[in-house]
Amino acid sequence: MYKIRVGISACLLGQAVRFDGGHKHSSFCERELGAHFDYHPVCPETAIGLGAPRAAIRLVRRDGELRAQSRDGALDVTDRLIAFSERQAGRLDFLSGYILCAKSPSCGMERVRVYTANDKGSGGEGGAKEGVGLFARALMAANPLLPVEEDGRLCDPVLRENFVLRVFAYHDWQQLCARGLSAASLTDFHARYKYLVLSHATCHYKTLGRLLGDLGRAPLDEIAQRYIQGLMEALGLRANRRGHTNVLMHLQGYFKRVLTPSQKQELCELIDKYRTGLVPLLVPLTLLRHHLREHPNPYLARQVYLNPHPESLRLRYGL
C-alpha cells in the first residue's frame, strides 16, 4: 500500500535517543497514523553527535541570544544544532507533513521553556514557555507550507483531524505538481476542494475563487503559488460547526429534486441537530453519503470534503 512521506521526531517511534536514554513512543503515531504514513525519523541532537544518555540541554537566553546548552553551561551545542537544522530542513521538501516532539529545545513547535542565563553563564531557574526548538524553527522557516504538529497536541481530536487533513491535502497538491501543473488541472483541483475550503474559511473560499479568475492573465506558476499558500492557510484555520453546517446545507441542495419529503425532513433535522451540538458531524455526513450512493452525482462524488482522509482513522467521530 502506498504511504505518504511524513517526518517525525525519532523518539516518538520508540527510538531510545532522548537525553535520559529513553523515548516518548506514541502508539497513535506509530500504529494508527503509521498505517498511512511512511515515516522519516530525525533526532537532531543525536544527529550532531550527542549520545544517549547525555546531559540534558535547554534553551537559554544570554545577552539577547538564544543558546542551546546544558544546565551548568559546560555543554553548548547551539552552533552545531543550528547548522544541522538549517542544512537538514532544506532537504525535506519531499515530505507532506511533520510530527515534532513537544517541549524539546530542538524539536518543540511552541511553548518551549526558555531560561535566562545567570551571572555564571549557565541557565537559571524558572523560565517562560515562549520558545521554539532550534530544529523546529528551521524546519518551519524552510518549509512554510508544510503541515507541522506536535505529539501532545495530537491528543486533541480537533487538532488531530485538522493536521491529518492538511497532510493529505498537501500531498494531493504535491502529486498534482509532480504530474505537471496546468490551468485545467489547477481548476479541477480547486473544484474538488471547494467545499472543504468553504467549511474552514468563507473569505479564503472567495479569494481562491477570484484568484483562479486570473488564469490566462497572469503566469501560471505565480497563481499556483498564491493558490497553495491560500489553501494551506485556509485549512490551517479550524472548521467550526457554523462552517460545517453551511457546507452541509449546500450539499443538501443537490438532492432537493430526488429525495422524498420525509427524506428531506430527516436530512434537515440531522443537519440542525449537528448545528446545535446534539450529534457529531459524522451523522449527517453518513446520511449524505447514503443519498449520494442512491442518487449518484459525479461532481459531489469528487468532493474532498466528504472523504478528506481515510475513514479507518475515525477522525471525524468526535467533531
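Look above for the structure.
The present account deals with the structure reproduced in this document. This structure is a prediction, so every number in the text was calculated from the model and none was measured.

Once that is clear, we can look at unusual backbone geometry. For the bond running from Ala52 to Pro53, omega is 5°, close enough to zero to count as cis. Mapped onto the elements, Pro53 comes out in the loop between helix H2 (44-47) and strand E3 (57-62). The backbone of Asp63 sits at a positive phi, close to 55°, despite the residue not being glycine. The topology assignment puts Asp63 in the loop between E3 and strand E4 (65-70).

Take the pattern of salt bridges next. What the rule picks out here adds up to 17 salt bridges. Across the pair Arg67 and Glu65 runs a salt bridge whose closest N-O atoms are separated by 2.9 Å. The class of Arg67 is buried, set by a relative accessible area of 11%. The partner of Arg217 in a salt bridge is Asp214, with the nearest N and O atoms 3.2 Å apart. Here Arg217 falls in the exposed class, since its relative accessible area comes to 64%. Taking relative accessible area as the criterion, Asp214 reaches 27% and is therefore assigned partly exposed.

A sheet is described by the order of its strands in space; here four strands give the open sequence E4-E3-E6-E7, paired in mixed fashion. At either end of the open sheet lies a strand with only one pairing partner, and these are E4 and strand E7 (128-131). Strand-to-strand twist in this sheet, taken as the mean axis angle between neighbours without regard to direction, amounts to 50°. Strand direction decides the pairing type here: E3 and E4, joined by six bridges, are antiparallel. Counterpart to Leu59 in the pairing with E4 is Ala68. Those strands touched by helix H3 (residues 78-89) are E3 and E4, and its axis lies near 110° from that of E4.

Below, the discussion takes up the pairing of strand E1 (residues 4-9). Among the six residues that make up E1, five are buried, leaving the element largely enclosed by the rest of the structure. Two strands pair when backbone bridges link them, and E1 and strand E2 (residues 37-42) are joined in this way by six bridges, in the parallel orientation. In the strand pairing of E2, Val6 is matched with Tyr39. Following the backbone out of E1, through helix H1 (residues 27-32) and into the adjacent parallel E2, one traces a crossover that is right-handed. One ladder, built from two bridges, connects E1 with strand E5 (residues 98-100); its direction is parallel. Bridging from a neighbouring strand, Ile8 pairs with Ile99 of E5.

About the thresholds
- Residues numbered from 1 in each chain as written.
- Predicted model: local features only at pLDDT ≥ 70, side-chain atom pairs only at ≥ 80, totals over all residues.
- Heavy atoms only, no water.
- Helix = DSSP H or I, 4+ residues; strand = E, 2+ residues; numbered from the N terminus.
- Salt bridge = Lys/Arg side-chain N within 4 Å of Asp/Glu carboxyl O.
- Buried < 20%, exposed > 50% of the residue type's maximum accessible area, 1.4 Å probe, protein only.
- Pairing = 2+ DSSP bridges.
- Axes fitted to C-alpha atoms, helices over the stretch in contact; angles between N-to-C directions.
- Contact = heavy atoms within 4.5 Å.
- Right-handed = clockwise from strand over helix to strand, strands pointing away.

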